[in-house]
Amino acid sequence: MNDRTVRPYLNHQPTLGERVYIDEAARVIGDVVLGNDVSVWPFTVIRGDVNFVRIGDRTNVQDGTVVHVSHDGPHAKLGGFATVIGADVTIGHKAIVHACRIEDACLVGMGSTVLDGAVIEKHGFLGANALLSPGKVIGSGEMWLGAPAKFVRKLSDAEIEALYYSSGHYVKLKDEYLTGKRRE
(Lines give C-alpha, C1' and ligand atoms only; values in the text may rest on other atoms or scores of the structure.)
Protein backbone atom coordinates (compact mmCIF):
# COMPACT_ATOMS: atom_id res chain seq x y z
CA MET A 1 0.00 0.00 0.00
CA ASN A 2 1.03 3.58 -0.52
CA ASP A 3 -0.10 6.99 0.73
CA ARG A 4 -2.65 7.26 -2.09
CA THR A 5 -4.17 3.81 -1.52
CA VAL A 6 -5.44 4.40 2.03
CA ARG A 7 -6.06 7.99 2.90
CA PRO A 8 -8.09 10.20 5.22
CA TYR A 9 -11.07 12.35 4.48
CA LEU A 10 -11.01 15.37 6.79
CA ASN A 11 -10.37 13.87 10.27
CA HIS A 12 -11.47 10.31 9.38
CA GLN A 13 -8.68 7.80 8.74
CA PRO A 14 -9.48 4.28 7.50
CA THR A 15 -8.98 1.51 10.09
CA LEU A 16 -7.62 -1.79 8.89
CA GLY A 17 -7.89 -5.16 10.61
CA GLU A 18 -5.18 -7.80 10.60
CA ARG A 19 -3.91 -9.37 7.37
CA VAL A 20 -5.89 -6.98 5.13
CA TYR A 21 -4.92 -6.83 1.47
CA ILE A 22 -5.58 -3.62 -0.46
CA ASP A 23 -4.23 -3.58 -3.97
CA GLU A 24 -2.12 -0.53 -4.81
CA ALA A 25 -4.56 0.32 -7.63
CA ALA A 26 -7.49 0.49 -5.16
CA ARG A 27 -8.55 3.42 -2.95
CA VAL A 28 -9.91 3.31 0.61
CA ILE A 29 -10.87 6.77 1.82
CA GLY A 30 -12.25 8.27 5.03
CA ASP A 31 -14.48 6.70 7.68
CA VAL A 32 -13.95 3.09 6.64
CA VAL A 33 -13.29 0.09 8.89
CA LEU A 34 -12.09 -3.14 7.29
CA GLY A 35 -12.19 -6.33 9.38
CA ASN A 36 -9.54 -9.04 9.51
CA ASP A 37 -8.59 -10.82 6.27
CA VAL A 38 -10.54 -8.42 4.05
CA SER A 39 -9.33 -8.12 0.46
CA VAL A 40 -9.82 -5.09 -1.78
CA TRP A 41 -8.87 -5.74 -5.39
CA PRO A 42 -7.57 -3.45 -8.20
CA PHE A 43 -9.55 -0.37 -9.22
CA THR A 44 -11.98 -0.66 -6.32
CA VAL A 45 -12.98 2.51 -4.49
CA ILE A 46 -14.38 2.41 -0.94
CA ARG A 47 -15.27 5.96 0.07
CA GLY A 48 -16.57 6.85 3.53
CA ASP A 49 -16.87 10.61 3.34
CA VAL A 50 -20.44 11.81 4.01
CA ASN A 51 -21.21 8.70 6.10
CA PHE A 52 -19.33 5.57 7.18
CA VAL A 53 -18.45 2.19 5.66
CA ARG A 54 -17.95 -1.00 7.72
CA ILE A 55 -16.78 -4.26 6.15
CA GLY A 56 -16.61 -7.50 8.15
CA ASP A 57 -13.97 -10.20 8.40
CA ARG A 58 -13.03 -12.29 5.35
CA THR A 59 -15.06 -10.21 2.93
CA ASN A 60 -13.68 -9.66 -0.57
CA VAL A 61 -14.44 -6.63 -2.70
CA GLN A 62 -13.43 -7.47 -6.25
CA ASP A 63 -11.94 -5.45 -9.07
CA GLY A 64 -13.62 -2.26 -10.21
CA THR A 65 -16.24 -2.13 -7.44
CA VAL A 66 -17.50 1.15 -5.97
CA VAL A 67 -18.65 1.24 -2.33
CA HIS A 68 -20.13 4.55 -1.16
CA VAL A 69 -22.67 6.07 1.23
CA SER A 70 -25.37 8.77 1.29
CA HIS A 71 -25.69 11.92 3.35
CA ASP A 72 -28.44 13.70 5.21
CA GLY A 73 -30.11 16.28 3.02
CA PRO A 74 -33.40 17.65 1.71
CA HIS A 75 -33.82 14.75 -0.73
CA ALA A 76 -32.30 11.96 1.39
CA LYS A 77 -33.37 9.89 4.38
CA LEU A 78 -32.77 11.71 7.67
CA GLY A 79 -29.18 10.95 8.52
CA GLY A 80 -28.47 9.38 5.15
CA PHE A 81 -27.36 5.76 4.87
CA ALA A 82 -24.06 4.22 5.85
CA THR A 83 -22.85 1.10 4.06
CA VAL A 84 -22.46 -1.91 6.33
CA ILE A 85 -21.19 -5.18 4.87
CA GLY A 86 -20.94 -8.29 7.04
CA ALA A 87 -18.39 -11.09 7.26
CA ASP A 88 -17.73 -13.69 4.55
CA VAL A 89 -19.30 -11.59 1.79
CA THR A 90 -18.22 -11.82 -1.84
CA ILE A 91 -18.76 -8.70 -3.92
CA GLY A 92 -18.17 -9.48 -7.60
CA HIS A 93 -16.23 -7.46 -10.14
CA LYS A 94 -17.60 -4.01 -11.08
CA ALA A 95 -20.43 -3.99 -8.54
CA ILE A 96 -21.87 -0.77 -7.13
CA VAL A 97 -22.73 -0.98 -3.44
CA HIS A 98 -24.32 2.28 -2.31
CA ALA A 99 -25.68 3.24 1.11
CA CYS A 100 -27.04 -0.20 1.97
CA ARG A 101 -26.66 -3.17 4.33
CA ILE A 102 -25.34 -6.57 3.31
CA GLU A 103 -25.37 -9.18 6.06
CA ASP A 104 -23.01 -12.15 6.54
CA ALA A 105 -22.17 -14.73 3.86
CA CYS A 106 -23.88 -13.04 0.93
CA LEU A 107 -22.92 -12.74 -2.71
CA VAL A 108 -23.34 -9.66 -4.88
CA GLY A 109 -22.81 -10.74 -8.49
CA MET A 110 -20.53 -9.13 -11.03
CA GLY A 111 -21.84 -5.86 -12.41
CA SER A 112 -24.71 -5.66 -9.90
CA THR A 113 -25.98 -2.53 -8.19
CA VAL A 114 -27.33 -2.32 -4.64
CA LEU A 115 -28.99 1.05 -3.93
CA ASP A 116 -29.80 3.23 -0.93
CA GLY A 117 -31.56 1.59 1.98
CA ALA A 118 -31.57 -1.86 0.38
CA VAL A 119 -30.78 -4.88 2.54
CA ILE A 120 -29.41 -8.29 1.65
CA GLU A 121 -30.03 -10.59 4.61
CA LYS A 122 -27.70 -13.43 5.65
CA HIS A 123 -27.03 -15.93 2.84
CA GLY A 124 -28.68 -13.64 0.31
CA PHE A 125 -27.66 -13.91 -3.35
CA LEU A 126 -27.94 -11.10 -5.90
CA GLY A 127 -27.11 -12.38 -9.39
CA ALA A 128 -24.82 -10.81 -11.97
CA ASN A 129 -25.93 -7.51 -13.52
CA ALA A 130 -28.90 -7.26 -11.17
CA LEU A 131 -30.31 -4.00 -9.82
CA LEU A 132 -31.57 -4.04 -6.23
CA SER A 133 -33.81 -0.97 -6.00
CA PRO A 134 -33.78 1.44 -3.03
CA GLY A 135 -35.30 -0.03 0.12
CA LYS A 136 -35.75 -3.57 -1.26
CA VAL A 137 -34.91 -6.52 1.00
CA ILE A 138 -33.48 -9.83 -0.14
CA GLY A 139 -34.51 -12.32 2.54
CA SER A 140 -32.19 -14.82 4.17
CA GLY A 141 -31.22 -17.58 1.77
CA GLU A 142 -32.97 -16.01 -1.23
CA MET A 143 -31.70 -15.66 -4.80
CA TRP A 144 -32.75 -12.54 -6.70
CA LEU A 145 -32.02 -11.87 -10.36
CA GLY A 146 -32.75 -9.20 -12.95
CA ALA A 147 -33.04 -5.45 -13.29
CA PRO A 148 -34.97 -4.62 -11.26
CA ALA A 149 -34.09 -7.68 -9.18
CA LYS A 150 -36.88 -10.04 -8.20
CA PHE A 151 -37.06 -13.12 -6.00
CA VAL A 152 -36.35 -16.31 -8.00
CA ARG A 153 -35.98 -19.09 -5.40
CA LYS A 154 -34.44 -20.19 -2.12
CA LEU A 155 -30.79 -21.30 -2.12
CA SER A 156 -29.94 -24.94 -1.53
CA ASP A 157 -27.69 -25.98 1.35
CA ALA A 158 -24.90 -26.61 -1.18
CA GLU A 159 -25.27 -23.08 -2.57
CA ILE A 160 -25.10 -21.60 0.93
CA GLU A 161 -21.96 -23.65 1.59
CA ALA A 162 -20.50 -22.24 -1.64
CA LEU A 163 -20.90 -18.71 -0.25
CA TYR A 164 -18.46 -19.62 2.53
CA TYR A 165 -16.17 -21.39 0.07
CA SER A 166 -15.98 -18.19 -2.00
CA SER A 167 -14.95 -16.01 0.93
CA GLY A 168 -12.43 -18.63 2.10
CA HIS A 169 -10.96 -18.88 -1.39
CA TYR A 170 -10.38 -15.13 -1.47
CA VAL A 171 -8.71 -15.20 1.96
CA LYS A 172 -6.21 -17.74 0.58
CA LEU A 173 -5.74 -15.73 -2.62
CA LYS A 174 -5.05 -12.47 -0.78
CA ASP A 175 -2.57 -14.36 1.45
CA GLU A 176 -0.67 -15.31 -1.71
CA TYR A 177 -0.55 -11.65 -2.69
CA LEU A 178 0.62 -10.63 0.79
CA THR A 179 3.30 -13.33 1.11
CA GLY A 180 4.30 -13.76 -2.51
CA LYS A 181 4.00 -17.52 -2.02
CA ARG A 182 1.71 -19.96 -3.81
CA ARG A 183 -0.73 -21.73 -1.54
CA GLU A 184 -0.78 -25.49 -1.33
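One structure accompanies this document, and this report is about it. For clarity, every value in this text was computed on a predicted model and none was experimentally measured. (Residues numbered from 1 in each chain as written. Predicted model: local features only at pLDDT ≥ 70, side-chain atom pairs only at ≥ 80, totals over all residues. Heavy atoms only, no water.)

### Side note on the nonpolar core
Right, so step 1: Counting 33 residues, the largest nonpolar core has Leu34, Ile46, Ile102, Ile120, Leu126 and Leu132 as its most contacted members.
Right, so step 2: Of all the secondary structure elements, the ones that give two or more residues to this core are strand E4 (27–34) and strand E6 (45–55).
Right, so step 3: Apart from the residues within four sequence positions on either side, Leu126 is in contact with Leu107, Val108, Gly109, Ser112, Thr113, Val114, Ile120, Leu132, Ile138, Trp144 and Ala149.
Right, so step 4: Counting five residues, the second-largest nonpolar core is a separate cluster that includes Met143, Leu155, Ile160 and Leu163. (Core = buried A, V, L, I, M, F, W, Y, C linked by side-chain atoms within 4.5 Å. Buried < 20%, exposed > 50% of the residue type's maximum accessible area, 1.4 Å probe, protein only. Helix = DSSP H or I, 4+ residues; strand = E, 2+ residues; numbered from the N terminus. Contact = heavy atoms within 4.5 Å.)

### Considerations on the pairing of strand E20 (residues 150–154)
Right, so step 1: Note: strand E19 (residues 142–145) against E20, four bridges, orientation antiparallel. Bridged to Met143 within E20 is Arg153.
Right, so step 2: Between E19 and E20, which pair antiparallel one after the other, the connecting turn spans four residues, and Gly146 there sits at a positive phi close to 100°. (Pairing = 2+ DSSP bridges.)

### Re the side chain of Thr90
Right, so step 1: As for its placement among the helices and strands, Thr90 is situated in strand E10 (residues 90–91).
Right, so step 2: The exposure class assigned to Thr90 is buried, which follows from its relative accessible area of 5%.
Right, so step 3: If near-sequence neighbours (up to four positions away) are discounted, Thr90 is found in contact with Asn60, Gln62, Cys106, Leu107, Val108, Ser166 and Ser167.

### Some thoughts on the environment of Val84
Right, so step 1: Mapping Val84 onto the fold places it in strand E9 (residues 83–85).
Right, so step 2: Val84 sits in the partly exposed class, given a relative accessible area of 32%.
Right, so step 3: Apart from the residues lying within four places of it in its own chain, the contact partners of Val84 are Phe52, Arg54, Cys100, Arg101 and Ile102.

### Observations concerning the pairing of E19
Right, so step 1: Relative to E19, strand E16 (residues 125–126) runs parallel, the two sharing two bridges. If you follow Leu126 over to E19, its bridge partner there is Trp144.

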